[in-house]
Amino acid sequence: MNKTSFIVLLVSLTLTSLVSTLFGFAGQTIIGTFWGWFWVSLLLQFIGFVAYNSYLIQKDDIAMQKAEVETLEQLAKFSIQINCAYCNQSNVTPIQLNKRNTFKCESCNQVNGVSMQFMATTITTPIQSVKLPLSGSESIEIKMS
Ligand SMILES: [Zn+2]
């Protein structure tokens, strides 16, 4: 625990005790004992703090989730160059992977749909040299470029 949070804790504990003491004195003059009022108000303050803290944490979580969704939406946007299906004019249009995309041709004003196709490829790793073990201590080196 660093010095700042220790001071904050100390101050809040002092304030909580002070409020409880005040309630203790005030309650004592009406009904019951000082300690009865002291502990009840201490407990109520504690419950209040916990409730307020969880409310703050929840609020933070919601704000963070919203920011994440916004970031994802930003990331899902691409600009592609695509030819019009009507006049073959090249257009640049933003597309989103998670939505149905259309664009209006700059040349003929026709609305085009965008069909996305994905293709799987094998991944080739470039090999600089492969050493093949031969009989004995000899080895040959195959160079690939
Ligand atoms: Zn067109």
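Residues numbered from 1 in each chain as written. Predicted model: local features only at pLDDT ≥ 70, side-chain atom pairs only at ≥ 80, totals over all residues. Heavy atoms only, no water.

For the protein, per-residue confidence averages 85 on the pLDDT scale, and residues scoring 70 or more make up 86% of the total. Taking the mean pLDDT of every element in the protein, the minimum, 57, falls on strand β6 (residues 139-143) and the maximum, 96, on strand β4 (residues 111-113). (pLDDT = per-residue confidence, 0-100. Helix = DSSP H or I, 4+ residues; strand = E, 2+ residues; numbered from the N terminus.)

The next point concerns the coordination of the zinc ion. Four donors placed tetrahedrally around a metal ideally meet at 109.5 degrees, and six donors placed octahedrally ideally meet at 90 or 180 degrees. Taken together, Cys84 (SG), Cys87 (SG), Cys105 (SG) and Cys108 (SG) make up the protein donors of the zinc ion, found 2.3 Å from the metal. Around the zinc ion sit four donor atoms; with metal-centred angles ranging over 106 to 113 degrees, the donor geometry is tetrahedral. Linear spacing of the donor residues for the zinc ion on their chain is C-x2-C-x17-C-x2-C. Here Cys108 lies in the loop between β3 (102-104) and β4 and Cys84 lies in the loop between β1 (77-83) and β2 (90-96), a separation of 24 residues in the sequence. Classification of Cys108 by relative accessible area gives partly exposed; the value is 29%. (Donors = N, O, S within 2.8 Å, 3.2 Å for Na, K, Ca; no water. Tetrahedral: all angles 85-135°; square planar, octahedral: opposite > 155°, others 65-115°. Buried < 20%, exposed > 50% of the residue type's maximum accessible area, 1.4 Å probe, protein only.)

Tallied over the entire structure, the rule returns seven aromatic pairs. Consider the rings of Phe34 and Trp35, whose centres lie 5.1 Å apart with planes at 80 degrees: the pair is edge-to-face. Judged by relative accessible area, Phe34 falls into the buried class, the value being 14%. Through pairs of rings, three or more aromatic residues link up here, namely Phe25, Phe34, Trp35, Phe38 and Trp39. (Phe/Tyr/Trp six-rings, centres within 6.5 Å; stacked < 30°, edge-to-face > 60°.)

Moving on, we come to the packing of helix α1 (residues 3-30) against helix α2 (residues 34-75). At a minimum axis distance of 7 Å, the contact between α1 and α2 shows a crossing angle of 140 degrees. The angle between α1 and α2 places the two elements in the oblique class. The two elements α1 and α2 meet at a crossing, and its hand is right-handed. Mapping the contact onto sequence places Thr16, Ser17, Val19, Ser20, Thr21, Phe23, Gly24, Phe25, Gly27 and Gln28 in α1 and Phe34, Trp37, Phe38, Ser41, Leu42, Gln45 and Phe49 in α2. (Axes fitted to C-alpha atoms, helices over the stretch in contact; angles between N-to-C directions. Parallel < 35°, antiparallel > 145°, perpendicular 65-115°, else oblique. Left-handed = near helix turned anticlockwise from the far one by under 90°. Contact = heavy atoms within 4.5 Å.)

For α2, which comprises 42 residues, the first-to-last C-alpha distance of 61 Å matches the rise-based estimate of 62 Å (1.5 Å per residue) to within 8%. Within α2 the residues assigned to the buried category are Phe34, Phe38, Ser41 and Gln45. (Expected span 1.5 Å × (residues − 1).)

On to the layout of surface pockets, then. In this structure, the largest pocket occupies an estimated 270 Å³ of space. Looking at the largest pocket, the residues that line it are Leu9, Ser12, Leu13, Thr16, Ser17, Leu42, Phe46, Phe49, Val50 and Asn53. Elements that contribute at least two residues to the lining of the largest pocket include exactly α1 and α2. Residue composition of the lining of the largest pocket, by class: six nonpolar, four polar and no charged. (1 Å grid on protein atoms, 1.4 Å probe; cavity = no way out; pocket = protein on both sides within 12 Å on 5 of 7 lines; lining within 4 Å. Points joined across faces, edges and corners; volume = space filled by probe spheres on them. Nonpolar A, V, L, I, M, F, W, Y, C, P; charged D, E, K, R; others polar.)

Another point: the pairing of β2. Here β1 pairs with β2 via seven bridges, running antiparallel. Looking across to β2, one finds that Ile80 is bridged to Thr93. Between the antiparallel neighbours β1 and β2 lie six residues, among them Asn88 with a positive phi of about 65 degrees. (Pairing = 2+ DSSP bridges.)

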